[in-house]
Amino acid sequence: LAIGVSYTVNDSLSLSFNRYTSMRHNVSAGNWEQETDAFNIGYTVGGMTIGFQDATTDNAGWANGAKDDTRTLGVSVAF
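Small disclaimer: the values here were computed from a predicted structure and weren't measured.

*Asks:* Explain the pairing of strand 2 (residues 13–23) here, please?
*Replies:* Remember that side chains alternate between the two faces of the sheet whenever the strand is regular. With seven bridges joining them, strand 1 (residues 2–8) and strand 2 adopt antiparallel strand pairing. Considered in strand 2, the bridge of Thr8 is made with Ser14. Here strand 1 hands over to strand 2 after four residues, the two strands then running antiparallel side by side. One ladder, built from eleven bridges, connects strand 2 with strand 3 (residues 33–45); its direction is antiparallel. Bridge pairing in strand 3 links Arg19 to Asp37.

Written out as structure tokens, the structure reads:
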């Protein structure tokens, strides 16, 4: 299951929130649900876009109680 919502603040700034949920269907390994929540912000000026994402995954790798936090900064330039 994937669901997301985004909002364009103005021509340069956008915000979004996404949730991705998946279930491991392996009876011998257990059926742990993995869920990721991600917050994104993007800023565009001219031909350059700067983006930042903060994501948290619960039961990472379908391991009960495992947690994974990531932060990603991206810069792209078009010329």
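*Asks:* Hey, could you run me through the sheet that holds strand 5 (residues 67–77) in this one?
*Replies:* Sheet strands associate in pairs through backbone hydrogen bonding, adopting either a parallel or an antiparallel arrangement. Spatially, 1-2-3-4-5 is the arrangement adopted by the five strands of the open sheet, whose pairing is antiparallel. Pairing within the sheet leaves two strands with one partner each, and these edge strands are strand 1 and strand 5. Direction aside, the axes of adjacent strands within the sheet are offset by 10 degrees on average. Pairing analysis gives eleven bridges linking strand 4 (residues 48–58) to strand 5, with the strands arranged antiparallel.

Rules used throughout
Residues numbered from 1 in each chain as written. Predicted model: local features only at pLDDT ≥ 70, side-chain atom pairs only at ≥ 80, totals over all residues. Heavy atoms only, no water. Pairing = 2+ DSSP bridges. Helix = DSSP H or I, 4+ residues; strand = E, 2+ residues; numbered from the N terminus. Axes fitted to C-alpha atoms, helices over the stretch in contact; angles between N-to-C directions.

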